[in-house]
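Residues per chain, in single letters:
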Amino acid sequence: MKHYLVAELKELVAPLSLAMMALLLAMTANLAMNTLVVSFEHTLKQWLEQRFMRTFISVPLKVR
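Residues numbered from 1 in each chain as written. Predicted model: local features only at pLDDT ≥ 70, side-chain atom pairs only at ≥ 80, totals over all residues. Heavy atoms only, no water.

Engineer: Sorry, what's going on with the overall build of the protein here?
Structural biologist: A tally of regular secondary structure across the protein gives 1 helix and 0 strands. With 64 residues in all, the protein has 0% of them scored as buried. Entry remark: accessible area of the protein is about 6,700 Å², with carbon and sulfur atoms responsible for 73%. (Helix = DSSP H or I, 4+ residues; strand = E, 2+ residues; numbered from the N terminus. Buried < 20%, exposed > 50% of the residue type's maximum accessible area, 1.4 Å probe, protein only. Areas by Shrake-Rupley, 256 points an atom, 1.4 Å probe, with all protein chains shown as cover.)

Put into structure tokens, the structure is as follows:
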């Protein structure tokens with residue numbers, strides 16, 4: 001019985017390792033893309049806030 005289990009595990013290791021590598025690659029790509037999007041969103045919001053504050057400060061209000 002022990003020899004059968006060892007032989008069965010040897011047969012299953014190659015396909016499982018390929019599937020596990022594919023899963024790891026997909027999770028890593030997902031994490032990297034999420035980090036990229038969140039970082040870009042944060043930077044864009046920060047830049048827009050600075051840009052609009054400069055515009056509001058440098059343009060005087062017209063008094064009628």
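Engineer: Help me understand the UniProt feature "transmembrane region" (unreviewed entry) in the protein in this model?
Structural biologist: Under the UniProt annotation, the feature "transmembrane region" (unreviewed entry) is placed at residues 12-33. Secondary structure within residues 12-33 divides into 100% helix and 0% strand; the distance between the first and last C-alpha atoms comes to 32 Å. (UniProt positions renumbered as here; feature names shortened; annotations may be inferred.)

Engineer: Would you mind showing me how to read a nonpolar patch on the surface here?
Structural biologist: A surface patch of nonpolar side chains, amounting to about 520 Å² of accessible area, comprises F40, L44, W47, L48 and F52. Tracing the chain through its elements places W47 in helix α1 (residues 2-58). (Patch = residues over 30% accessible without salt bridge, like charges linked within 9 Å, V, L, I, M, F, W, Y side chains within 5 Å. Salt bridge = Lys/Arg side-chain N within 4 Å of Asp/Glu carboxyl O.)

Engineer: In this structure, what is going on with the pattern of salt bridges? I would like to understand it.
Structural biologist: Two side chains of opposite charge can pair, provided their charged atoms sit close to one another. Tallied over the full model, the rule gives 1 salt bridge. With its nearest N and O atoms 3.6 Å apart, the salt bridge here joins E41 to K45. Here K45 and E41 lie together in helix α1, a separation of 4 residues that amounts to about one turn. Owing to a relative accessible area of 40%, E41 belongs among the partly exposed residues under this scheme.

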